[in-house]
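As a plain string of letters, each chain reads:
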Amino acid sequence: MATVHVLKPEASQKRRVLVVEDNLDSVHTMAALVKMMGHEVQFAINGFAALDIARTFRPDVILLDIGLPDFNGCMLVKQLKWEPGFENTRFIAISALPAQQHKQAALDAGCTDFFPKPIDPMVLERLLGPEGTPSPKT
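Residues numbered from 1 in each chain as written. Predicted model: local features only at pLDDT ≥ 70, side-chain atom pairs only at ≥ 80, totals over all residues. Heavy atoms only, no water.

Focus: the environment of Gly110
Our working rule: Numbering goes from the N terminus for both helices and strands, where a helix is a DSSP run of H or I of at least four residues and a strand is a run of E of at least two. Relative accessibility thresholds used throughout: buried, under 20% of the residue-type maximum; exposed, over 50%; partly exposed, between the two (1.4 Å probe, protein chains only). We call two residues in contact when some of their heavy atoms are within 4.5 Å.
Summarising the element assignment, Gly110 is placed in the loop between helix H4 (99-109) and strand S5 (113-116). Given the relative accessible area of 17%, Gly110 is considered buried. Between the C-alpha atoms of Gly110 and Ile92, which are 18 residues apart in sequence, the distance is 9.0 Å. In this view, Gly110 contacts Val77, Lys81 and Phe91; residues no more than four positions away in its chain are not counted.

This is the structure:
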């Protein structure tokens, strides 16, 4: 099992992270992991809730499942990209859907990265770190 190295980031490195995932176990696990890394986190279990929470929480990063039941993650990204205040928000798609088919759609919608589920905690740590870069092999 991977080890999370950063317990508490410096105040300037702390991120506001919204986790969007329709599976309750997955969303709670991901939110707990992000919180353990020292970031502020909120979560949503569907796209409509994600829109409402994003508009008030104003996350720096949105970790987003592509296969949501009410509308897909690509639609959510496109909607938020149209709204003021999300110009610098980083959208990261995490999906169990086949990568070949959905990666390009997620990138075209405005996601900066696409990762298959489950995301490696060390990769997530780097994504949320000061430089926000994935591991070299992603």
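Now that the structure is up, let's keep going.
Here's the deal with the state of the cysteines
Cut-off, in case you're wondering: Cysteine sulfur atoms are paired as a disulfide whenever they come within 2.5 Å of each other.
All chains considered together, the criterion is met by zero disulfides. Note on Cys74: no disulfide assigned, nearest cysteine sulfur contributed by Cys111 at a separation of 6.0 Å. Judged by its relative accessible area of 6%, Cys111 falls in the buried class.

Some details on the pairing of strand S4 (residues 90-95)
Basically, it comes down to this: Should DSSP find at least two bridges between two strands, the strands are taken to pair. If the strands point away from the viewer and the path from the first strand over the helix to the second runs clockwise, then the crossover is right-handed.
Of all six residues in S4, six are buried, a share of seventy percent or more. What you see with S4 is no split at all: Arg90, Ile92 and Ile94 on one side and Phe91, Ala93 and Ser95 on the other are buried throughout. Direction of pairing for strand S3 (residues 61-65) relative to S4: parallel, over a ladder of five bridges. Across the sheet, Leu63 pairs through a bridge with Ile92, a residue of S4. Viewed along the sheet, the connection from S3 through helix H3 (residues 73-82) into S4 turns out right-handed. Across four bridges, the pairing between S4 and S5 is parallel. Among the inter-strand pairings, Ala93 is bridged to a residue of S5, identified as Phe114.

Some thoughts on the pattern of salt bridges
This is how the line gets drawn: Here, a salt bridge means any side-chain nitrogen of Lys or Arg that lies within 4 Å of a carboxyl oxygen of Asp or Glu.
Applying the stated criterion across every chain, the model contains five salt bridges. Across the pair Glu21 and Lys117 runs a salt bridge, and its minimum N-O distance is 2.6 Å. Of the two residues, Glu21 is situated in the loop between strand S1 (16-20) and helix H1 (24-36) and Lys117 in the loop between S5 and helix H5 (121-128); the sequence distance between them amounts to 96 residues. Assessed through its relative accessible area of 31%, Lys117 is described here as partly exposed. Asp65 is the partner of Lys117 in a salt bridge, and the nearest nitrogen-oxygen pair spans 3.4 Å. With Lys117 in the loop between S5 and H5 and Asp65 in strand S3, the pair connects residues that are 52 residues apart, well separated along the chain. Judged by its relative accessible area of 4%, Asp65 falls in the buried class.

Examining a nonpolar patch on the surface
How we decide: Residues forming no salt bridge and having over 30% relative accessible area are the ones grouped into patches, like charges within 9 Å of each other and nonpolar side chains (Val, Leu, Ile, Met, Phe, Trp, Tyr) within 5 Å. Computed by Shrake-Rupley with a 1.4 Å probe, the accessible areas treat only the displayed protein chains as cover when residues are assessed.
Residues Leu24, Phe43 and Ile45 make up a contiguous nonpolar surface patch of about 250 Å² in total accessible area. Here Ile45 is to be found in the loop between strand S2 (40-44) and helix H2 (47-57). Ile45 sits in the partly exposed class, given a relative accessible area of 36%.

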